[in-house]
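Observations on the three-dimensional arrangement
This is what each chain is made of:
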Amino acid sequence: VPGKLRADEKDWPNITPYLLPSDRGVRPAVLICPGGGYGHLAMDHEGHQIAQWLNRIGVHGFILQYRHAPQYSHPIPMTDALRAMRTVRARASEWNVDPERIGIIGFSAGGHLASTVGTHFDYGNPLSEDIIEKTSSRPNFMILVYPVITFANDYTHLGTRKNLIGDPPDPALLASYSNEKQIQPFTPPTFLVHSSDDKVVPVENSLKFYQGLSWQGIPAEMHIYQYGGHGYGLAPNDPILNSWVQRCEDWMKYRGILN
């Protein structure tokens, strides 16, 4: 495991597959990045519940348990997420995954990690002896739910930034991880969800990312709710907030992901 600090396997990254039955044939997949400010992982409502929802709409789910503070900081979470994307694609035939329909979803700091993958990916190292490292880490689409996007002082979540790149932050890392500044022509199509009254991660994070995608001509859809705050996951007990789930499914149908 690159960058490991100790031999205890509980400290290592892993992915938990939620695979559809084999009789469903080849299906799309989504890598799930729970939030937690890069200091812990909200594995239930931003992990297992998300995988179960994806299964219900015919999508394989893979929950990423990435390393985080206090033991791990930059670049370890990104390293773990990029490797996970490569792993799912490299083992696509084994898991009945369509390698051209592999997305990533992230919540809060997990949304920052997902958008980092979507803006810092590569297409694999053809010279590597490792078949996984030869494989592209580019997601085919992104779903970002109340994501941390920017590390600029005005709108960032300071705890997330501190846990990933320290305090005071290195200016180069601050720029590199302000993902609204890292959008490139091949950044994947993106679906965004946020709430106007989010006091933890201001809605401007999603607005900035959407604007950057628009400038690059990248297909994007964004839903801003008047209320909701932060950290609601699927919002199963609120029929208004929960509507983002159906909107996201509709978007995936429109994009041809659920065909």
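Now for a look at the structure at hand. Keep in mind that this is a model prediction, so the values were computed, not measured.

1. Describing the overall build of the protein chain
Of regular secondary structure, the protein chain possesses 7 helices and 7 strands. When its helices and strands are written in sequence order, the protein chain yields β-β-α-β-α-β-α-β-α-α-β-α-β-α. Its C-alpha radius of gyration of 17 Å places the protein chain within 12% of the 18 Å reference for a compact globule of 259 residues. Expressed along its principal axes, the backbone C-alpha trace of the protein chain runs to roughly 45 × 45 × 35 Å. The proportion of buried residues among the 259 residues of the protein chain is 54%. Relative to all contacts within the protein chain whose residues are 6 or more apart in sequence, the contacts with residues 24 or more apart total 76%. Summed over its atoms, the accessible surface of the protein chain is roughly 11200 Å², and 51% of this surface lies on carbon and sulfur atoms.

2. Observations concerning unusual backbone geometry
Outside of glycine, negative phi angles account for most residues, and trans bonds account for most peptide bonds. Geometrically, the link from Ala69 to Pro70 is a cis peptide bond, its omega value of 10° lying close to zero. Tracing the sequence through the fold places Pro70 in the loop between β3 (60-65) and α2 (76-90). That bond from Asp167 to Pro168 is cis: its omega, 0°, falls within 30 degrees of zero. Relative to the helices and strands, Pro168 is located in the loop between α4 (158-165) and α5 (171-176). One non-glycine residue, Tyr38, adopts positive backbone phi at about 60°. Relative to the helices and strands, Tyr38 is located in the loop between β2 (27-33) and α1 (44-56). A positive phi angle, close to 50°, is found at Ala235, a residue other than glycine.

3. Here's the deal with the sheet that holds strand β4 (residues 97-107)
Strand order in this open sheet of 7 strands is β1-β3-β2-β4-β5-β6-β7, and the pairing throughout is mixed. The sheet is open, and its two borders are formed by β1 (14-18) and β7 (220-225), each paired with just one other strand. Looking at each pair of strands side by side, their axes are set apart by 15° on average, direction ignored. With 5 bridges connecting them, β4 and strand β5 (residues 141-145) associate as parallel partners. Bridge pairing links Phe107 to Val145 in β5.

4. Quick notes on the pairing of β2
Across a regular strand the side chains alternate sides, sitting on one face of the sheet and then on the other. Of all 7 residues in β2, 7 are buried; the element is thus mostly enclosed. Both β2 and β4 contribute to a ladder of 6 bridges, which runs parallel. Note on β4: the bridge partner recorded for Ala29 is Ile102. For β2 and β3, the ladder comprises 4 bridges, and the chain directions are parallel. For Leu31, the partnering residue across the bridge sits in β3 and is Phe62. For the segment spanning β2, α1 and β3, crossover handedness is right-handed.

5. Examining the environment of Ser22
Summarising the element assignment, Ser22 is placed in the loop between β1 and β2. As a C-alpha pair, Ser22 and Asn96 span 74 residues in sequence and 7.1 Å in three-dimensional space.

Cut-off values and rules
- Residues numbered from 1 in each chain as written.
- Predicted model: local features only at pLDDT ≥ 70, side-chain atom pairs only at ≥ 80, totals over all residues.
- Heavy atoms only, no water.
- Helix = DSSP H or I, 4+ residues; strand = E, 2+ residues; numbered from the N terminus.
- Rg over C-alpha atoms; globule rule 2.2 N^0.38 Å.
- Buried < 20%, exposed > 50% of the residue type's maximum accessible area, 1.4 Å probe, protein only.
- Contact = heavy atoms within 4.5 Å.
- Areas by Shrake-Rupley, 256 points an atom, 1.4 Å probe, with all protein chains shown as cover.
- Pairing = 2+ DSSP bridges.
- Axes fitted to C-alpha atoms, helices over the stretch in contact; angles between N-to-C directions.
- Right-handed = clockwise from strand over helix to strand, strands pointing away.

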